[in-house]
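Here's the letter readout for the chains.
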Amino acid sequence: MKTLFLIILFGLSAIAFASPDRVDEQLGGLSGKKAPRIAQGFLDKGYEKLELGDIDGAAKDWENAIKHYDLFKIYYFVIAENYYDTGKIKKSCHYYLKTAESDKHHEQARMKLGICEMHNKHWQIAINYFNESLALLPNQALAYFYLASSYGILKEHEQAKESLTKALSINPKLLLLIHISDPTRPLYISYAVFCLKKTK
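Residues numbered from 1 in each chain as written. Predicted model: local features only at pLDDT ≥ 70, side-chain atom pairs only at ≥ 80, totals over all residues. Heavy atoms only, no water.

J.: Explain unusual backbone geometry here, please?
T.: Glycine aside, the phi torsion of most residues is negative, and most peptide linkages are trans. Within the chain, Asn139 stands out as a residue other than glycine whose phi angle is a positive 65°. As for its placement among the helices and strands, Asn139 is situated in the loop between helix 8 (123–136) and helix 9 (141–153). Unusually for a residue other than glycine, Lys155 sits at a positive phi of about 65°. Relative to the elements of secondary structure, Lys155 occurs in the loop between helix 9 and helix 10 (157–170). Classification of Lys155 as exposed rests on a relative accessible area of 67%. (Helix = DSSP H or I, 4+ residues; strand = E, 2+ residues; numbered from the N terminus. Buried < 20%, exposed > 50% of the residue type's maximum accessible area, 1.4 Å probe, protein only.)

Written out as C-alpha coordinates, the structure reads:
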(Lines give C-alpha, C1' and ligand atoms only; values in the text may rest on other atoms or scores of the structure.)
Protein backbone atom coordinates (compact mmCIF):
# COMPACT_ATOMS: atom_id res chain seq x y z
CA MET A 1 0.00 0.00 0.00
CA LYS A 2 2.78 2.47 0.89
CA THR A 3 4.61 1.64 -2.38
CA LEU A 4 1.50 2.56 -4.38
CA PHE A 5 1.12 5.67 -2.25
CA LEU A 6 4.65 6.79 -3.16
CA ILE A 7 4.20 6.07 -6.87
CA ILE A 8 1.08 8.22 -6.83
CA LEU A 9 2.88 10.89 -4.82
CA PHE A 10 5.66 11.33 -7.36
CA GLY A 11 3.23 11.39 -10.26
CA LEU A 12 1.29 14.12 -8.51
CA SER A 13 4.37 16.23 -8.00
CA ALA A 14 5.39 15.98 -11.64
CA ILE A 15 1.93 16.93 -12.93
CA ALA A 16 0.42 19.28 -10.38
CA PHE A 17 3.42 21.10 -8.96
CA ALA A 18 3.93 23.66 -11.70
CA SER A 19 6.56 25.85 -10.03
CA PRO A 20 7.69 29.21 -11.40
CA ASP A 21 10.93 29.17 -13.35
CA ARG A 22 13.21 30.06 -10.47
CA VAL A 23 16.32 29.93 -12.64
CA ASP A 24 15.03 32.58 -15.06
CA GLU A 25 14.21 34.77 -12.07
CA GLN A 26 17.69 34.37 -10.62
CA LEU A 27 19.40 34.80 -13.98
CA GLY A 28 17.95 38.29 -14.00
CA GLY A 29 20.34 39.02 -11.16
CA LEU A 30 23.27 38.06 -13.40
CA SER A 31 22.48 40.65 -16.05
CA GLY A 32 25.43 42.92 -16.59
CA LYS A 33 27.80 40.44 -14.97
CA LYS A 34 30.23 38.65 -17.22
CA ALA A 35 31.16 35.10 -16.28
CA PRO A 36 34.75 33.93 -16.81
CA ARG A 37 35.18 32.48 -20.28
CA ILE A 38 36.06 29.03 -18.99
CA ALA A 39 32.92 28.93 -16.83
CA GLN A 40 30.72 30.06 -19.72
CA GLY A 41 32.32 27.42 -21.91
CA PHE A 42 31.41 24.63 -19.51
CA LEU A 43 27.91 26.07 -19.17
CA ASP A 44 27.37 26.09 -22.94
CA LYS A 45 28.67 22.53 -23.28
CA GLY A 46 26.24 21.49 -20.57
CA TYR A 47 23.32 22.95 -22.50
CA GLU A 48 24.42 21.13 -25.65
CA LYS A 49 24.55 17.81 -23.80
CA LEU A 50 21.19 18.46 -22.17
CA GLU A 51 19.61 18.97 -25.59
CA LEU A 52 20.95 15.54 -26.55
CA GLY A 53 19.41 14.00 -23.45
CA ASP A 54 22.74 13.51 -21.68
CA ILE A 55 21.83 14.78 -18.22
CA ASP A 56 24.87 13.20 -16.58
CA GLY A 57 27.17 14.96 -19.04
CA ALA A 58 25.36 18.27 -18.56
CA ALA A 59 25.59 17.91 -14.79
CA LYS A 60 29.35 17.30 -14.99
CA ASP A 61 29.92 20.32 -17.21
CA TRP A 62 27.76 22.56 -15.03
CA GLU A 63 29.58 21.38 -11.91
CA ASN A 64 32.79 22.52 -13.60
CA ALA A 65 31.16 25.83 -14.55
CA ILE A 66 30.19 26.37 -10.91
CA LYS A 67 33.76 25.69 -9.78
CA HIS A 68 34.91 28.62 -11.92
CA TYR A 69 31.98 30.95 -11.24
CA ASP A 70 30.12 30.74 -7.96
CA LEU A 71 27.01 32.52 -9.21
CA PHE A 72 26.29 29.58 -11.50
CA LYS A 73 25.20 27.60 -8.43
CA ILE A 74 21.66 28.38 -9.52
CA TYR A 75 22.15 25.58 -12.07
CA TYR A 76 22.11 22.98 -9.31
CA PHE A 77 18.32 23.33 -9.40
CA VAL A 78 18.21 22.91 -13.19
CA ILE A 79 20.17 19.67 -12.88
CA ALA A 80 17.89 18.48 -10.08
CA GLU A 81 14.72 19.21 -12.06
CA ASN A 82 15.99 17.39 -15.14
CA TYR A 83 16.92 14.32 -13.11
CA TYR A 84 13.55 14.46 -11.34
CA ASP A 85 11.59 14.75 -14.59
CA THR A 86 13.34 11.65 -15.97
CA GLY A 87 12.67 9.59 -12.85
CA LYS A 88 16.22 9.63 -11.50
CA ILE A 89 15.05 10.50 -8.02
CA LYS A 90 18.23 9.74 -6.06
CA LYS A 91 20.33 11.99 -8.29
CA SER A 92 17.70 14.73 -8.26
CA CYS A 93 17.66 14.69 -4.45
CA HIS A 94 21.44 15.12 -4.38
CA TYR A 95 21.16 18.33 -6.42
CA TYR A 96 18.11 19.62 -4.56
CA LEU A 97 20.24 19.38 -1.44
CA LYS A 98 23.07 21.27 -3.13
CA THR A 99 20.54 23.93 -4.15
CA ALA A 100 19.21 24.26 -0.61
CA GLU A 101 22.72 24.48 0.83
CA SER A 102 23.74 27.20 -1.63
CA ASP A 103 20.50 29.20 -1.34
CA LYS A 104 18.96 29.46 2.13
CA HIS A 105 15.81 31.03 0.68
CA HIS A 106 15.04 28.45 -2.02
CA GLU A 107 11.61 27.20 -0.98
CA GLN A 108 11.18 24.96 -4.04
CA ALA A 109 14.32 22.98 -3.28
CA ARG A 110 13.11 22.39 0.26
CA MET A 111 9.70 21.33 -1.03
CA LYS A 112 11.33 18.77 -3.32
CA LEU A 113 13.65 17.58 -0.55
CA GLY A 114 10.55 16.87 1.50
CA ILE A 115 9.24 14.69 -1.32
CA CYS A 116 12.63 12.97 -1.51
CA GLU A 117 12.42 12.11 2.17
CA MET A 118 8.89 10.78 1.72
CA HIS A 119 10.30 8.54 -0.98
CA ASN A 120 12.90 7.37 1.56
CA LYS A 121 10.12 6.92 4.15
CA HIS A 122 11.78 9.45 6.45
CA TRP A 123 8.48 11.05 7.35
CA GLN A 124 9.62 13.38 10.14
CA ILE A 125 12.49 14.73 8.05
CA ALA A 126 10.02 15.30 5.22
CA ILE A 127 7.76 17.22 7.60
CA ASN A 128 10.70 19.41 8.61
CA TYR A 129 11.48 20.26 4.98
CA PHE A 130 7.86 21.07 4.15
CA ASN A 131 7.68 23.37 7.15
CA GLU A 132 10.93 25.07 6.08
CA SER A 133 9.50 25.59 2.60
CA LEU A 134 6.25 26.99 3.96
CA ALA A 135 8.15 29.33 6.27
CA LEU A 136 9.84 30.79 3.18
CA LEU A 137 6.72 30.87 1.02
CA PRO A 138 3.36 30.43 2.78
CA ASN A 139 0.19 29.39 0.97
CA GLN A 140 1.68 26.50 -0.99
CA ALA A 141 -1.28 24.14 -1.28
CA LEU A 142 0.78 21.12 -2.31
CA ALA A 143 3.30 21.63 0.47
CA TYR A 144 0.44 21.47 2.96
CA PHE A 145 -0.97 18.45 1.13
CA TYR A 146 2.32 16.54 1.39
CA LEU A 147 2.60 17.67 5.00
CA ALA A 148 -0.83 16.19 5.68
CA SER A 149 0.18 12.94 4.01
CA SER A 150 3.36 12.67 6.08
CA TYR A 151 1.50 13.35 9.30
CA GLY A 152 -1.09 10.78 8.27
CA ILE A 153 1.52 8.07 7.74
CA LEU A 154 2.78 8.81 11.27
CA LYS A 155 -0.84 8.56 12.51
CA GLU A 156 -0.73 12.15 13.70
CA HIS A 157 -4.24 12.69 12.43
CA GLU A 158 -4.96 16.04 14.04
CA GLN A 159 -1.94 17.62 12.36
CA ALA A 160 -2.84 15.85 9.11
CA LYS A 161 -6.36 17.25 9.23
CA GLU A 162 -5.10 20.75 9.97
CA SER A 163 -2.59 20.66 7.10
CA LEU A 164 -5.05 19.24 4.59
CA THR A 165 -7.70 21.77 5.58
CA LYS A 166 -5.14 24.51 4.98
CA ALA A 167 -4.24 23.03 1.58
CA LEU A 168 -7.88 22.98 0.51
CA SER A 169 -8.48 26.50 1.79
CA ILE A 170 -5.67 27.69 -0.49
CA ASN A 171 -6.78 25.60 -3.47
CA PRO A 172 -10.27 24.12 -3.11
CA LYS A 173 -9.85 22.30 -6.44
CA LEU A 174 -6.67 20.50 -5.35
CA LEU A 175 -8.27 17.08 -4.91
CA LEU A 176 -10.12 17.46 -8.21
CA LEU A 177 -6.84 18.21 -10.00
CA ILE A 178 -5.30 15.11 -8.46
CA HIS A 179 -8.28 13.01 -9.56
CA ILE A 180 -8.18 14.28 -13.14
CA SER A 181 -4.43 13.90 -13.58
CA ASP A 182 -4.37 10.15 -12.90
CA PRO A 183 -7.23 7.62 -12.63
CA THR A 184 -5.41 5.75 -9.84
CA ARG A 185 -5.62 8.73 -7.53
CA PRO A 186 -9.04 8.12 -5.95
CA LEU A 187 -7.10 6.03 -3.42
CA TYR A 188 -4.93 9.05 -2.65
CA ILE A 189 -8.00 11.26 -2.35
CA SER A 190 -9.67 8.72 -0.08
CA TYR A 191 -6.60 8.80 2.15
CA ALA A 192 -6.74 12.58 2.32
CA VAL A 193 -10.44 12.56 3.15
CA PHE A 194 -9.71 9.95 5.82
CA CYS A 195 -7.32 12.44 7.43
CA LEU A 196 -10.10 15.02 7.50
CA LYS A 197 -12.66 12.66 9.03
CA LYS A 198 -10.38 10.93 11.51
CA THR A 199 -10.71 13.55 14.24
CA LYS A 200 -14.36 14.42 13.72
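J.: Hey, could you run me through the packing of helix 4 (residues 55–68) against helix 5 (residues 75–85) in this one?
T.: Close contact between helix 4 and helix 5 brings their axes to 10 Å; oriented N to C, the two are set at 170°. By the angle between their axes, helix 4 is roughly antiparallel relative to helix 5. Seen from helix 4, the contacting residues are Ile55, Asp56, Ala59, Trp62, Glu63 and Ile66; seen from helix 5, they are Tyr75, Tyr76, Val78, Ile79, Asn82 and Tyr83. The residue inventory of the contact of helix 4 with helix 5, partitioned by class, reads nine nonpolar, one polar and two charged. (Axes fitted to C-alpha atoms, helices over the stretch in contact; angles between N-to-C directions. Parallel < 35°, antiparallel > 145°, perpendicular 65-115°, else oblique. Contact = heavy atoms within 4.5 Å. Nonpolar A, V, L, I, M, F, W, Y, C, P; charged D, E, K, R; others polar.)

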